[in-house]
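# Overview (structure and organization)
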Number of protein chains: 2
Amino acid sequence: MIDGAMQSFPLTLDKFLEHAAKWHPKAEVVTGREAGAMDRIGYADMKARALQVSSVLRSLGVRRGERVATLAWNTQAHVEAWYAIMGMGAVCHTLNLRLTAAQLGDMLVQSQARVLIASADLLLLARSIAEHAPNLERILLIDGDGRGEEQGAAPIVSALEALIASARGDVLWGEFDETAPSGLCFTSGTTGAPKGVTYTHRSSFLHTLRVLQADVLALRATDSVLAVVPMFHANAWGLPFAVPAVGAKLVLPGRQTDGAHLAKLINSEAVTIGVGIATVWLGLVEHLEAHGGETPTLQRVVVGGAPLAPALMQRIEKRLGVTVQTSWGMTELSPGGTFAPPHDPARTASVSGRPAIGVDMVLTDADGEPLAEQRNVEGHLRVRGAAIVERYFGEGKSATDANGWFATGDLAKIDAGGNLTITGRAKDLIKSGGEWINPVEIESHVSALPEVSLAAVIGRTDPKWGERPILLVQTRDADEISDDQLLAPLRGKVAPWWIPDAVIRLPRMPLASTGKIDKMRLRAEYGGA
Amino acid sequence: MIDGAMQSFPLTLDKFLEHAAKWHPKAEVVTGREAGAMDRIGYADMKARALQVSSVLRSLGVRRGERVATLAWNTQAHVEAWYAIMGMGAVCHTLNLRLTAAQLGDMLVQSQARVLIASADLLLLARSIAEHAPNLERILLIDGDGRGEEQGAAPIVSALEALIASARGDVLWGEFDETAPSGLCFTSGTTGAPKGVTYTHRSSFLHTLRVLQADVLALRATDSVLAVVPMFHANAWGLPFAVPAVGAKLVLPGRQTDGAHLAKLINSEAVTIGVGIATVWLGLVEHLEAHGGETPTLQRVVVGGAPLAPALMQRIEKRLGVTVQTSWGMTELSPGGTFAPPHDPARTASVSGRPAIGVDMVLTDADGEPLAEQRNVEGHLRVRGAAIVERYFGEGKSATDANGWFATGDLAKIDAGGNLTITGRAKDLIKSGGEWINPVEIESHVSALPEVSLAAVIGRTDPKWGERPILLVQTRDADEISDDQLLAPLRGKVAPWWIPDAVIRLPRMPLASTGKIDKMRLRAEYGGA
C-alpha cells in the first residue's frame with residue numbers, strides 16, 4: 001500500500017474505437033462501392049452501430065471467448081463486425097475468401113464458430129463452407145440488399161442490417177482481462193497445412209502502438225489511409241485498429257482493388273497513405289499509364305511480404321509520385337515485423353526495414369543455434385516479442401524454441417544498421433549435388449529484366465544431382481525475349497551451376513491467397529522428374 | 001489450451017536500453033560539460049556500464065522494490081543510474097534539486113532510501129539533505145573528479161566510477177512483474193504539500209509508446225533530441241525512455257541550460273528537436289540576438305506547462321526557425337497529457353493539443369459532476385488513463401473519484417476538434433464579491449504587451465469584497481511602461497470589476513522549482529490585506 005499506484009488501463013481493442021468516437025467523432029470510415037458510389041460514416045456513429053451489432057450477437061447467445069467468423073471484403077460493416085465481436089469479448093475468426101470451401105469449412109470446424117458474418121455477394125461460398133461445418137448455425141449477411149434470407153434449415157441466413165434496426169446497443173465492451181483472445185487467423189498455408197494464430201487484446205494493442213511510431217507507419221489524424229490489404233488476412237496489417245487509434249480517415253476499397261477503382265478512391269478521399277502488396281500498386285500504375293490521371297494527395301505506399309524488385313519500386317515511385325515504404329511481416333507476427341522508416345532517403349527495394357521496440361530478431365543456423373556473427377551474414381531468422389505467436393490454435397506444444405524464439409522459416413541478412421533483408425525461404429532452398437541454391441537470388445536477377453512480370457525458381461527432381469533449378473516465368477509479351485536472354489543476367493552474378501536447367505513460360509503465374517507466388521503448386525506441377 | 005497464445009512480453013523499462021544497445025549500438029548519448037567539452041557514449045556501451053552500476057547497487061544490498069534516490073543534472077551518468085536502478089527492480093526516487101534540504105530530507109524519510117546517487121557538485125546539498133534523513137547510509141558521487149570521498153561517519157561518500165571499475169555487470173534485469181514500481185517523484189508543491197507519485201514499469205512503458213506516436217513527439221532514429229527538461233522532475237518528460245526506444249541521439253545539457261551552452265550543444269550535435277519550458281528557448285533566443293549565430297538543424301521545440309504567450313511563441317519560432325509544439329502535462333500524468341501535433345499549421349500558443357490513445361479527459365463542475373456540454377465551455381479538468389496516478393505514495397485513499405477520474409486542479413476548455421486550452425488553475429481563482437475571477441485571462445492580456453516579461457495576478461484579501469485581484473509584473477525595462485498602460489489591454493476585454501486594484505513591479509518574478517511562477521509565494525508575500 002505504501003508504494004502508491006497508477007491507474008488500471010486494460011489494453012483492450014474496444015478502446016481504439018471508443019477513443020476515435022470521443023476525440024475524432026466526425027473523422028470518417030469510407031467504403032468504395034460498385035459504380036463509384038461511396039458509403040461514409042463518422043467514428044461516433046460507427047461505434048453506436050458496432051454496439052448494436054454486439055447486441056445482435058448477444059441475442060444469438062454469443063458468449064465471451066466464443067469464435068464468431070467473418071467472410072467479407074474491406075468494408076465499414078466488416079469493421080463494425082470486428083469491433084462488435086472483439087468488444088464484447090468474443091473472438092473474430094477471419095476467413096480467407098481466396099481459399100476453398102473445404103479448407104474454410106475445416107477451419108470453421110476447428111474454431112467451432114456458430115455464427116458467420118458474410119458479405120452478401122459471398123453467400124454461395126458461405127453456404128458451401130457450411131456444408132463442411134455442421135457447427136455453423138447462422139449466417140448474417142452484410143453489404144447486401146436484404147435478399148438471400150433463408151429461415152428454413154440450418155444455417156439460418158439473415159440480413160444483419162434488419163437485426164441492427166431493433167438492437168439496443170447496450171452491451172458493455174471491455175471489462176475483461178487484456179490477455180483474452182480477440183482474433184483468430186489461419187496462415188495461408190503456402191508452406192504447409194494452415195495453422196491458426198490466436199491474437200489477444202493485449203498483443204494487438206501493443207502491435208498497434210508499435211506500428212504508430214514515427215519510424216514505422218507514422219499515422220497522423222490528418223492522414224487518409226487506404227487499406228487495400230485484406231481484413232480477411234493478418235488483420236489488414238492492423239489498420240482497423242491503428243487508423244481509429246489516431247483519428248485518421250480509414251478508406252476501404254470494398255470488393256474491388258483494381259487500378260481504376262483505387263484511383264477514384266484516392267482522389268475522392270484525398271488519400272495520403274496506401275497500404276497493400278506491390279502488385280496492387282502496379283495495377284494502379286498500369287491504369288494511370290493506360291488511361292491517364294494523377295494521384296496528387298498520395299504521399300506514401302506501404303508494401304510488404306516478399307522482396308520487392310528495384311525496377312518495380314522505381315516505377316511505382318515515379319508514376320505515383322510517392323515514396324515506397326517496405327516492410328516484412330507474417331500472420332504469426334500480428335503481422336508487422338520490420339518497417340523501413342517512412343520517406344527514408346536511403347531506402348532500397350530489397351531492404352525490409354528495422355524492428356521497432358517490441359520485436360527482437362536473431363539469426364541462427366538450420367538447427368536454431370544463434371550465429372556467432374549476427375551482422376552481414378545470412379542465417380535463419382527467428383523472432384521474439386510482444387505480438388508474436390507462442391502456440392498455434394489447438395496445439396499443445398509451443399511454437400517457439402527453448403529461448404522463446406519463433407522460427408520464421410525465412411532466410412535473412414541484417415546489416416550493421418539493423419536493417420533486414422529477406423534472402424529466401426528455407427523451404428524454397430534447392431539442394432543440388434549436396435549444395436544449397438537460393439532461388440530468391442536467381443529470381444531477383446531475372447525479375448530486373450523489364451520484359452519480366454513475375455519469375456519463380458523451383459527445384460526439379462534430378463536423378464544425378466538430387467534437385468536442379470528451373471525457371472518459371474510470366475513475361476509481359478511472350479515473343480519479346482528468348483530463354484537465353486532471360487538467363488543472361490545470371491552469368492557472372494551467380495555460380496554457373498546455379499543457372500536453371502530449363503525455362504518454362506506461364507501465361508499466368510499461380511498466386512496464393514495472399515498474392516504471393518504459389519510455389520507449393522509450382523512444385524507439384526513442375527517439380528517432378 | 002485450445003485457444004493458442006501469444007508470447008509473453010512484460011513491459012519493463014530495461015527493454016528500452018536493451019533495444020537501443022542491440023539495434024542502435026552506436027547511436028549516442030552526449031553530455032555537455034563545462035567549457036564546451038562533450039562526453040559521448042553509444043547505447044551498447046551505456047548498457048554495459050548501467051549493468052555495472054546495478055552490480056554496485058547489488059553489492060550495497062539494494063533489493064527489488066527498495067527506493068534508491070538520485071540528485072543530479074541531466075547527464076549520461078544519471079541516465080545510467082536510472083536504468084541501473086529500474087532494471088534491477090529497485091525504485092528510482094528523483095530529488096528535485098531546486099527544493100530545500102529540509103524538504104528533500106523529508107521526502108527521503110518517506111521513501112526510506114538508503115543510497116543516494118548525487119552529482120559531485122551537489123555534495124554540499126546532499127550532505128544537508130542527509131542531516132534530515134537518518135535512513136541515508138551511502139552517497140555515490142557521479143560526474144565528479146573523484147574528490148569528496150568520505151569513509152568515516154554515515155553517510156559514507158564514494159565516487160561511483162571507482163566502484164564501477166571493479167563491478168562485473170552480471171545482474172539480471174527485468175524478469176519481474178510489469179506493474180512493479182520503477183520511479184518515485186514528488187510534485188513540485190506549487191499548490192500544496194508535495195506528494196509522491198509512484199510510476200510503474202508498465203505505466204512508463206505505455207507512456208513511452210504513447211509519446212512516440214506521430215501526432216505526439218514523433219521521435220525518429222535520425223533525430224537528435226536535446227532534453228533540457230530536468231530528469232529530477234517528472235521523468236524529463238520521459239525522454240530517457242523514449243529516445244533510446246527509437247535509437248535516436250540523446251543530448252543532455254548537464255548543469256548548464258543557458259542560451260550560449262544550448263546553442264553550442266545544438267550545433268555540435270546537430271540537434272533536431274529540443275524539449276524544455278518556454279523560458280529556456282527564450283534564453284536561447286536572447287543569446288542569439290545578443291551574440292549572433294543560428295541553429296540550422298533545429299526543427300522543432302516542444303514546450304509544456306502553463307499557457308504560452310503568443311508573442312513569445314512567435315519570437316521563438318522566428319528567431320530559431322522552428323515550429324513550437326505545445327503540450328500539457330503534470331507529474332501525476334508521467335507527465336504527458338496532451339500534445340499539439342508536430343508542425344501543425346493551425347497551431348496556436350494557447351492550445352495545448354489533444355490527448356492520444358491512453359489518456360481520456362472530462363470537464364466537470366467544481367464538485368466533479370461531468371458537464372452536460374463538453375465542448376467549448378470551461379470546466380474543471382479530470383483525466384483517466386494508462387499512466388495517471390491512482391494513489392499517491394504512502395497514502396491509503398485513492399486520488400481518483402468514484403468513476404476513476406483524477407482531478408487535475410486545472411480549468412480548461414476543449415474545442416470541437418478535441419483540442420485542450422488550459423484556462424486557469426482552480427486554486428488560483430479569485431473570489432470577489434461572491435463571483436469568480438480567472439487570473440490567467442487577465443495575465444494573457446497583460447503578457448501580450450512587448451514590454452512585459454512575466455505577469456501574475458493573485459487575489460489580495462479585501463474587507464469588502466473578500467478578495468480583489470492585483471497584478472504583479474516583471475517588465476523588460478521598468479521605466480518604459482506606466483501602470484495605466486499595463487492595464488490598458490484589459491479595458492473592453494474583461495469585466496470592469498476584473499481589472500486589478502494595484503500594480504506591483506518585481507525586479508525578478510519568483511519561480512518555483514519547475515520554472516513556473518510561484519503563486520504560493522506571491523500570495524504569501526502580497527496576498528494579505
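Refer to the structure printed above.
Notes on the structure in this doc start here. (Residues numbered from 1 in each chain as written. Chains lettered and ligands numbered in written order. Predicted model: local features only at pLDDT ≥ 70, side-chain atom pairs only at ≥ 80, totals over all residues. Heavy atoms only, no water.)

## Some remarks on the sheet that holds strand 13 (residues 273-275) of chain A
Residues and elements named next belong to chain A. Taken in spatial order, the eight strands line up as 3-2-12-11-13-14-15-16 in an open sheet, and their pairing is mixed. The open sheet is flanked by strand 3 (38-42) and strand 16 (336-339), the only strands paired with a single partner. Within this sheet the neighbouring strands show an average axis-to-axis angle of 20°, counted without direction. As judged from the three bridges shared by strand 11 (residues 224-227) and strand 12 (residues 249-252), these two strands associate in the parallel manner. If you follow valine 225 over to strand 12, its bridge partner there is leucine 250. Where helix 2 (residues 43-59) meets the sheet, its contacts fall on strand 2 (28-32), strand 3 and strand 12, and the angle it forms with strand 3 comes to roughly 90°. (Pairing = 2+ DSSP bridges. Helix = DSSP H or I, 4+ residues; strand = E, 2+ residues; numbered from the N terminus. Axes fitted to C-alpha atoms, helices over the stretch in contact; angles between N-to-C directions. Contact = heavy atoms within 4.5 Å.)

## Some details on the environment of alanine 20 of chain A
Topologically, alanine 20 of chain A is positioned in helix 1 (residues 14-23). Counting along the chain gives 86 residues from alanine 20 of chain A to aspartate 106 of chain A, while the straight-line C-alpha distance between them is 36 Å.

## Looking at helix 11 (residues 310-320) of chain B
Residue and element names in this part refer to chain B. All of the buried residues along helix 11 are Leu312, Met313, Arg315, Ile316, Glu317, Arg319 and Leu320. Each element contacted by the buried residues of helix 11 is listed here: helix 10 (278-291), strand 14 (300-302) and strand 15 (323-325). In the stretch just after helix 11, glycine 321 is the one whose phi turns positive, near 65°. (Buried < 20%, exposed > 50% of the residue type's maximum accessible area, 1.4 Å probe, protein only.)

## Points about the interface of chain A and chain B
If you look at the interface, chain A gives 71 residues, while chain B gives 71 residues. Interface of chain A and chain B: buried area, both sides summed, is about 5300 Å²; carbon and sulfur atoms make up 57% of it. The three residues of chain A that bury the most area against chain B are Met6, Gln7 and Trp23 of chain A, which together make up 18% of that side's buried surface. Where chain A packs against chain B, one counts six salt bridges. One salt bridge in this structure joins aspartate 3 of chain B and arginine 67 of chain A, with 3.1 Å as the shortest N-O distance. A class-by-class count of the residues in the side of chain A that touches chain B yields 37 nonpolar, 18 polar and 16 charged. (Buried area = accessible area lost by both parts, 1.4 Å probe. Salt bridge = Lys/Arg side-chain N within 4 Å of Asp/Glu carboxyl O. Nonpolar A, V, L, I, M, F, W, Y, C, P; charged D, E, K, R; others polar.)

## Looking at the packing of helix 2 (residues 43-59) of chain B against helix 3 (residues 76-87) of chain B
Residues and elements named next belong to chain B. For the pair helix 2 and helix 3, the least separation of the axes is 8 Å and the interaxial angle reads 60°. The pairing of helix 2 with helix 3 is recorded here as oblique in orientation. Both helix 2 and helix 3 take part in a crossing whose hand is right-handed. Residues Met46, Arg49, Ala50, Val53, Ser54 and Leu57 of helix 2 lie in contact with helix 3, whose contacting residues are Gln76, Val79, Glu80, Tyr83, Ala84 and Ile85. Taken together, the residues of the contact of helix 2 with helix 3 break down into eight nonpolar, two polar and two charged. (Parallel < 35°, antiparallel > 145°, perpendicular 65-115°, else oblique. Left-handed = near helix turned anticlockwise from the far one by under 90°.)

## Topic: the pairing of strand 11 of chain A
Residue and element names in this part refer to chain A. Where burial is concerned, the two faces of strand 11 agree: the one with Ser224 and Leu226 and the one with Val225 and Ala227 are both buried. Taken together, strand 11, helix 8 (residues 239-246) and strand 12 constitute a β-α-β crossover, and its handedness is right-handed. Bridge count for strand 11 against strand 13 is three bridges, and the pairing is parallel. Across the sheet, residue alanine 227 finds its bridge partner in strand 13, namely valine 275. (Right-handed = clockwise from strand over helix to strand, strands pointing away.)

## Overview of the environment of tyrosine 43 of chain A
With respect to the helices and strands, the residue tyrosine 43 of chain A is situated in helix 2. Tyrosine 43 of chain A sits 28 residues away from leucine 71 of chain A along the chain, and the two C-alpha atoms are 23 Å apart.

## Observations regarding the pattern of salt bridges
One pass over the structure, following the stated rule, counts 67 salt bridges over all chains. Among the ionic pairs, glutamate 28 of chain B bridges to arginine 40 of chain B, the shortest N-O distance being 2.8 Å. Highlighted residues: glutamate 28 of chain B in strand 2 (residues 28-32) and arginine 40 of chain B in strand 3 (residues 38-42), separated in sequence by twelve residues. With relative accessibility at 40%, the residue arginine 40 of chain B sits in the partly exposed group. Between glutamate 443 of chain B and lysine 519 of chain B there is a salt bridge; the shortest N-O distance is 2.6 Å. With a gap of 76 residues between them, glutamate 443 of chain B in helix 12 (residues 439-447) and lysine 519 of chain B in helix 14 (residues 519-526) connect regions that are remote in the sequence. A relative accessible area of 10% places lysine 519 of chain B in the buried class. Salt bridges sharing common partners tie together Glu28, Arg40, Lys249 and Glu269 of chain A.

## Some remarks on helix 1 (residues 14-23) of chain B
The buried fraction of helix 1 of chain B is high, at eight of ten residues. Every buried residue of helix 1 of chain B is listed here: Asp14, Lys15, Phe16, Leu17, His19, Ala20, Ala21 and Trp23 of chain B. Considering only its buried residues, helix 1 of chain B is in contact with strand 17 (359-364) and strand 20 (406-414) of chain A together with helix 2, helix 3, helix 7 (201-211) and helix 8 (239-246) of chain B.

## A few points about the packing of aromatic side chains
Residues and elements named next belong to chain A. For the structure on display, the rule yields twelve aromatic pairs over all chains. Pairing tyrosine 83 with phenylalanine 241 gives two aromatic rings, centres 6.2 Å apart and planes at 85°, and the pair type is edge-to-face. Here phenylalanine 241 lies in helix 8 and tyrosine 83 lies in helix 3 (residues 76-87), a separation of 158 residues in the sequence. The burial state of tyrosine 83 is the same as that of phenylalanine 241; both residues are buried. (Phe/Tyr/Trp six-rings, centres within 6.5 Å; stacked < 30°, edge-to-face > 60°.)

## Here's the deal with the relation of the copies chain A and chain B
When chain A is brought onto chain B, the operation consists of a screw motion whose angular component is 180° and whose axial shift is 0.0 Å, with 0.1 Å RMSD remaining. Taken together, the rotation and translation describe the operation of a two-fold axis. Most of the interface of chain A is mirrored in chain B, where 100% of its interface residues are also at the interface. (Least-squares fit on C-alpha atoms with pLDDT ≥ 70 in both.)

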